[in-house]
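The lines below spell out each chain.
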Amino acid sequence: MKKVGLVMRKIQFAESQGPRVFADRLQQIGKELGVDIVFISPERHVSAHDWIPGYEHEKGDLVNYDIVLDQINSQQIEHVIYTVSGFTYLKMFIKNSVLFPHSFPDPALTGYEMMKPFYQMVDKAVVQTEFLKQEFARHYGVTDVDVIPIGFNEGLAEQHFDPTRIIDNRILWIGRDEENRRPDLVLEYARLNPDKEVIMVFGGERYKESMKKYNIPTNVKLQFALSQAEIFTLMNSSKVYWSCSKFDTFAMPLTEALAMGKIIVKPEHPCYGHISSTHAFSGNDKNWFELVNMAAASPHKFSFDNRAYAFETFSSRVMKEGYRKFFDTWLSQ
């Protein structure tokens, strides 16, 4: 069985968020395709926080190269997928290195200036959306880019789909306590709409502490580090899924919400262009509250169109076929 190293930060492997879900899904797909996906990460990291001056993640990546290279060499790995730009220098040591970005140097993201020099070294990437493929070509002249979505779990989407359990005034938001995810906006919406039940889900336990700085309205329920089954159960019971982030490379919860037939309210930024179906509505901070209320008041309790679109476009079946084609070419090099 051919080995492929998946290099991520320790904190990405540790939390119940997109990167870890992607890693587990890729490892399972790899087994089905005869590829051994080996998880590789530093045993140390510079900070448990996302952005502290002097302890930025990219600096932490650079001082961890010895640990990462030792792991790669000890496993005799010749092909590596790395998910953060700080590990771009791996291409100096491992010829077949490809970037799968969980972040991108967009001005909307904290620390984007720190990422930019690393991206100027990228020569091959796998991205989740056509938008990111275009951005690689436009900003960095990188054209060796494959587009493979992060699939959702069809089994969970089938198992937990039960329209009779939808609560008409329940609004679901999934994100992090980070400025670009706009949790403050969700709390303000809840304050102004006490008739709504707003559920905010955070991927890591560390956010229990950081969320203490906010005055949490009584109609907001906070959840932390949920399993995928718990996420899909919540998705099913909610009528509206709302994302108000400034930028995303894929927005996995949005695709899962589509798969569960939720009525979607999302940002109008072009990075969300792939979230496109009959009951997916784009807005901004000027009209989001009204859009969320309109979605909650919709005569449609759920959307079969959204669900069908997700199964056709983002399922793990689509992801598996994408990686089958990618591995067939890349692993022969």
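Look up a bit, the structure's there.
Quick look at the structure, then. Everything numeric in this text was worked out from a predicted model, so none of it was measured.

Definitions and cut-offs
Residues numbered from 1 in each chain as written. Predicted model: local features only at pLDDT ≥ 70, side-chain atom pairs only at ≥ 80, totals over all residues. Heavy atoms only, no water. Buried < 20%, exposed > 50% of the residue type's maximum accessible area, 1.4 Å probe, protein only. Patch = residues over 30% accessible without salt bridge, like charges linked within 9 Å, V, L, I, M, F, W, Y side chains within 5 Å. Areas by Shrake-Rupley, 256 points an atom, 1.4 Å probe, with all protein chains shown as cover. Salt bridge = Lys/Arg side-chain N within 4 Å of Asp/Glu carboxyl O. Helix = DSSP H or I, 4+ residues; strand = E, 2+ residues; numbered from the N terminus. Phe/Tyr/Trp six-rings, centres within 6.5 Å; stacked < 30°, edge-to-face > 60°. Lys NZ or Arg CZ within 6 Å of the ring centre and 35° of its normal. Axes fitted to C-alpha atoms, helices over the stretch in contact; angles between N-to-C directions. Parallel < 35°, antiparallel > 145°, perpendicular 65-115°, else oblique. Left-handed = near helix turned anticlockwise from the far one by under 90°. Contact = heavy atoms within 4.5 Å. Core = buried A, V, L, I, M, F, W, Y, C linked by side-chain atoms within 4.5 Å. Pairing = 2+ DSSP bridges. Right-handed = clockwise from strand over helix to strand, strands pointing away.

## Regarding unusual backbone geometry
The backbone phi angle of glutamine 76 is positive, close to 55°, even though this residue is not glycine. Glutamine 76 gets classed as exposed once you look at its relative accessible area, which sits at 70%.

## Examining a nonpolar patch on the surface
Residues Leu62, Val63, Tyr89, Met92 and Phe93 make up a contiguous nonpolar surface patch of about 500 Å² in total accessible area. Topologically, leucine 62 is positioned in helix α3 (residues 57–62). With a relative accessible area of 40%, leucine 62 lands in the partly exposed category.

## Some thoughts on the packing of aromatic side chains
On inspection of all chains with the given rule, the structure shows 28 aromatic pairs. Seen from their ring centres, tyrosine 65 and phenylalanine 87 are 5.6 Å apart, and the 50° between their planes marks the pair as tilted. One end of the pair, tyrosine 65, is in helix α4 (residues 65–74); the other, phenylalanine 87, is in the loop between β3 (79–82) and β4 (96–99), and 22 residues separate them in sequence. Linked through ring pairs, Phe104, Tyr119, Phe131, Phe136, Tyr140 and Phe247 together constitute an aromatic cluster. One cation-aromatic arrangement involves arginine 307 over phenylalanine 161; the distance from NZ or CZ to the ring centre is 3.8 Å.

## Considering the packing of helix α10 (residues 228–237) against helix α11 (residues 252–259)
Following both chains from N to C, one finds α10 and α11 inclined at 55°, their axes separated by 10 Å at the closest point. The angle between α10 and α11 places the two elements in the oblique class. Crossing handedness for the pair α10 and α11: right-handed. On the side of α10, the interface is formed by Gln228, Ile231, Phe232 and Met235, while α11 contributes Pro253, Glu256 and Ala257.

## A word on the nonpolar core
Formed by 84 residues in total, the largest nonpolar core has its most connected members in Leu90, Phe136, Tyr323 and Phe327. Excluding residues that lie within four positions of it along the chain, leucine 90 makes contacts with Val7, Tyr65, Val68, Leu69, Ile72, Val80, Tyr82 and Ser97. Counting residues in each nonpolar core, the second largest holds 24 residues, with Val220, Cys244, Ile263 and Val265 among its members.

## So, the pattern of salt bridges
When charged atoms on two side chains of opposite charge get close, those side chains can pair. Summed over all chains, the structure comprises 21 salt bridges. Close ionic contact of arginine 20 with aspartate 24 constitutes a salt bridge, the shortest N to O distance being 3.1 Å. Taken together, the residues span about one helical turn, with arginine 20 and aspartate 24 both in helix α2 (residues 18–33) at a distance of 4 residues. Counted as one network, the salt bridges with shared partners bring together Glu321, Arg324 and Asp328.

## Observations concerning α4
Among the residues of α4, Tyr65, Ile67, Val68, Leu69, Gln71 and Ile72 are the ones counted as buried. Directly beyond the C-terminal end of α4, a positive phi value near 55° is found at glutamine 76.

## Let's talk about the pairing of strand β7 (residues 167–175)
Examined bridge by bridge, β7 and strand β10 (residues 238–242) share 3 bridges and lie parallel to one another. In the sheet register, isoleucine 167 faces β10, and the bridge partner there is serine 238. Once you follow β7 into helix α8 (residues 183–192) and on to strand β8 (residues 197–202), the crossover reads as right-handed.

## Observations concerning the environment of serine 41
By the element assignment, serine 41 lies in the loop between β2 (35–40) and α3. Each C-alpha atom, one on serine 41 and one on proline 253, is 25 Å from the other, the two residues being 212 residues apart in sequence. Those residues in contact with serine 41, other than ones at most four positions away along the chain, are Met8, Arg9, Lys10, Phe13, Ile67 and Gln71.

## Things to note about the sheet that holds β10
Hydrogen bonds along the backbone pair up the strands of a sheet, which may run parallel or antiparallel. If you walk across this open sheet you meet the 6 strands as β9-β8-β7-β10-β11-β12, and the pairing is parallel. Of all the strands in the sheet, the pair left with one neighbour each is β9 (220–224) and β12 (280–283). The average angle at which neighbouring strand axes cross in this sheet is 25°, direction not considered. Examined bridge by bridge, β10 and strand β11 (residues 263–267) share 3 bridges and lie parallel to one another. Bridging from a neighbouring strand, tyrosine 241 pairs with isoleucine 264 of β11. The sheet contacts of α10 involve β7, β8, β9 and β10, and relative to β7 the element is tilted by about 140°. In the packing of α11 onto the sheet, contacts are made with β7, β10 and β11, and the angle to β11 comes to roughly 160°.

Coordinates in, geometry out; function isn't part of it.
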